[in-house]
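Structural overview for review
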Amino acid sequence: MPGPLKTEAIVLRSIRYGEADRILHLYTPDYGRLSAIAKGARRSRSRFGARLEPFFHVRAVLHEGRSDLLTVTGVDTVAGHGRLREHAATLDAAARACDAVSRLFETADPHPEVFRLLANELGLLHTDAAHGRPGNGLAFRLKLLLAAGIVPQLAACAVCGETEHLRGFSGAAGGVVCTACEAASFSLSEEAYRFLVAALGSPLSEAPDGPELILRQVERAIGEITEHHAHVRLRPLLAA
Ligand SMILES: [Zn+2]
């Protein structure tokens, strides 16, 4: 990497390191997930101020150092998303969103759409605490899966192609399954099916909602397909 790297970034994690430093996990539009060190970031007179806390959307200048870690040399705030820290639900939703991005997109492969999706999610959580509800979090995960190239098949049985009698969901098969193919599936209600279709088809700001029973089926569908096809286990979103 010749010269400094200037990039937008979202702070996924900020870990205390040594006496006064921070190790950061950053998500960037063009360089995927990066790790960097911000030296002296925890000193009270640090030039970075509070701009390297989780959920900050920043413009950063990064230099290649002697280790694998990049060194942060400059940072400007694009959006601090301060109000999402005022409510437990939005703070938790933001942490889970960053965690899901971190697990599903842990490499330096560029996924600008994932960056935009995460920036959008944090912006919504900051703007209106109502977006901290689980329906929004599930819709966010579905859109992340889509960005990872994992699209749950919803239009026809994922095993045989049948378009009627779609009663189950199979993570292994990759989507809904018909009554004849439902051996390894769990039963998916009509409402949960409609949630999946609506969440994938509408903007995040208009994510559908539903009773907890339905959201649990949706979460199970997302969890199973993620484990089977991305080999990643996401933190539970709905309390057990
Ligand atoms: Zn079938």
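Presented here is an overview of the structure given in this document. Predicted model, so just to flag it, every value in this text is computed and none were measured. (Residues numbered from 1 in each chain as written. Predicted model: local features only at pLDDT ≥ 70, side-chain atom pairs only at ≥ 80, totals over all residues. Heavy atoms only, no water.)

**Brief notes about the packing of aromatic side chains**
The tally for this structure, following the rule as stated, stands at one aromatic pair. With a centroid separation of 6.0 Å and an interplanar angle of 40°, the aromatic rings of Phe169 and Phe186 are classed as tilted. Of this pair, Phe169 sits in strand β6 (residues 166–170) while Phe186 is found in strand β8 (residues 186–187), placing the two residues 17 residues apart along the sequence. There is no split in this pair, since Phe169 and Phe186 are both buried. (Phe/Tyr/Trp six-rings, centres within 6.5 Å; stacked < 30°, edge-to-face > 60°. Helix = DSSP H or I, 4+ residues; strand = E, 2+ residues; numbered from the N terminus. Buried < 20%, exposed > 50% of the residue type's maximum accessible area, 1.4 Å probe, protein only.)

**Looking at the side chain of His81**
Here His81 lies in the loop between β5 (70–79) and α1 (88–104). Since its relative accessible area comes to 7%, His81 is described here as buried. Separated by 2.8 Å, the side chain of His81 and the backbone oxygen of Phe55 make a polar contact. (Polar contact = N/O pair within 3.5 Å; in protein donor to acceptor, adjacent residues only side chain to side chain.)

**Examining the coordination of the zinc ion**
For a metal with four tetrahedral donors the ideal donor-metal-donor angle is 109.5 degrees, whereas six octahedral donors ideally subtend 90 or 180 degrees. Within the protein, the zinc ion binds to Cys157 (SG), Cys160 (SG), Cys178 (SG) and Cys181 (SG); these donor distances fall in the range 2.3 to 2.4 Å. One can describe the donor arrangement at the zinc ion as tetrahedral, given that its four donor atoms subtend angles of 104 to 115° at the metal. Each donor residue of the zinc ion lies on one chain, and together they are spaced C-x2-C-x17-C-x2-C. Within this pair, whereas Cys157 is found in the loop between α3 (134–147) and β6, its partner Cys178 is found in strand β7 (residues 175–178), the two being separated by 21 residues in sequence. An identical accessibility class is assigned to Cys157 and Cys178; each is buried. (Donors = N, O, S within 2.8 Å, 3.2 Å for Na, K, Ca; no water. Tetrahedral: all angles 85-135°; square planar, octahedral: opposite > 155°, others 65-115°.)

Don't take any of this as a statement about function, it's just geometry.
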